[in-house]
Amino acid sequence: MGFFDFMTEDIAIDLGTANTLIIHNDKVVIDSPSIVARDRITGKIIAVGKEANMMQGKTHENIKTIRPLKDGVIADFDASEKMISMFIKSIPALKKKLFTPALRMVICIPSGITEVEMRAVKESAERVNGKEVYLIHEPMAAAIGIGIDIMQPKGNMIVDIGGGTTEIAVIALAGIVCDKSVKIAGDVFTNDIIYYMRTQHNLFVGETTAEKIKIQIGAAVEDLENAPEDMSVQGRDLLTGKPKQVDVSYREIAKALDKSIQRIEDAIMETLSQTPPELAADIYNTGIYLAGGGSMLRGLDKRISLKTDLPVYIAEDPLRAVVRGTGMALKNINKYKNILIK
């Protein structure tokens, strides 16, 4: 086994709908959009990650951009496998190796995932030379990444708002006591903005632009203390067909996102109402932890706090909380053995 150990590399993967992150040797070595571009004629993958992301919405008929993951699960098996494989091959430390090393990996998955979807993730990993593949539930990984001691008999509530799903879970004694996974997250926010621009401004904007709007002036409440400046948005005028520019304020985006955020709030309330009373008592003291890119929406913490009457904390570097936790689980694989799914 000694020799085999020497040949094995450990990597932790957060395979997200919007972004894929990989940790190797305690460093985040890959942090890229989960997207690939495929040549329609040859069927070859021509770009992956940031490069493919720049092509999104700007392709001609011979190039197709694919997001292999939808709602947190693999939708296009072939593309996802190629994407993972290309990401792993581009890890600097593994490039120097003469031959591909065997990999021991921990990959995180949404908590609402089915057996079949779980197997798809495992098979993808095994095909890129994963000899030992462990899976970990996203809210668990997020909790470890935030720095919560999950082994304690204490209740903690995690809300992880990703690209495809929002994962809400109450965690105690290294297990998920009650959880809810709703398919309302970053992607839905982006589509809400596209729809709003269309209906209110007669302006047709693409996904990339809508996402820029979300990041630059996105908000969850209509009265922010330090409000972002209005943003100039370019797109196509639906009436004249000409390109045009409109100025948009954060208040409008808050209006556009209101319904979706309400649904996330409802899911949080529902999870709280299913929580056993002892854990509810803990959560009254510890509050709610937010992770994932969606938690960076301005004023979302305040809004959830008002709704639940609980303190709400945003994880530091929320985009990487999950992959950090996955990396820690990989490092202390024996300590966390019972939460990893073999």
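Quantities reported herein were computed from a predicted structural model and do not represent experimental measurements.

1. Quick look at the domain arrangement of the chain
- For the chain, the domain assignment lists domain 1 (150–184 + 261–318) and domain 2 (186–256).
- Domain 1 and domain 2 are separated by 27 Å when their C-alpha centres are compared.
- Contact residues are listed per partner, giving 14 residues for domain 1 and 15 residues for domain 2.
- Roughly 1100 Å² of surface becomes buried between domain 1 and domain 2 when both sides are summed, with 62% attributable to carbon and sulfur atoms.

2. Points about the sheet that holds strand 14 (residues 203–204)
- Pairing within the open sheet is antiparallel, and its 3 strands lie in the order 14-15-16. Edge positions in the open sheet fall to strand 14 and strand 16 (243–248), since each of these has one partner strand only.
- Bridge count between strand 14 and strand 15 (residues 231–237): 2 bridges; the pairing is antiparallel. Its bridge partner lying in strand 15, Leu 203 is registered against Asp 237.
- Here helix 7 (residues 186–201) sits on the sheet in contact with strand 14, strand 15 and strand 16, set at roughly 100° to strand 16.

3. Some points on the packing of aromatic side chains
- The tally for this structure, following the rule as stated, stands at 1 aromatic pair.
- Between Tyr 289 and Tyr 313 the ring centres are 5.6 Å apart and the planes differ by 35°, which places this aromatic pair in the tilted class. Of this pair, Tyr 289 sits in strand 17 (residues 288–291) while Tyr 313 is found in strand 18 (residues 312–314), placing the two residues 24 residues apart along the sequence.
- In this structure, Arg 198 packs its charged tip against the face of Phe 204, placed 4.6 Å from the ring centre.
- Just above the ring of Tyr 134 sits the side chain of Lys 342; from NZ or CZ to the centre is 4.6 Å.

Cut-offs applied
- Residues numbered from 1 in each chain as written.
- Predicted model: local features only at pLDDT ≥ 70, side-chain atom pairs only at ≥ 80, totals over all residues.
- Heavy atoms only, no water.
- Domains from an automatic or database assignment.
- Contact = heavy atoms within 4.5 Å.
- Buried area = accessible area lost by both parts, 1.4 Å probe.
- Pairing = 2+ DSSP bridges.
- Helix = DSSP H or I, 4+ residues; strand = E, 2+ residues; numbered from the N terminus.
- Axes fitted to C-alpha atoms, helices over the stretch in contact; angles between N-to-C directions.
- Phe/Tyr/Trp six-rings, centres within 6.5 Å; stacked < 30°, edge-to-face > 60°.
- Lys NZ or Arg CZ within 6 Å of the ring centre and 35° of its normal.

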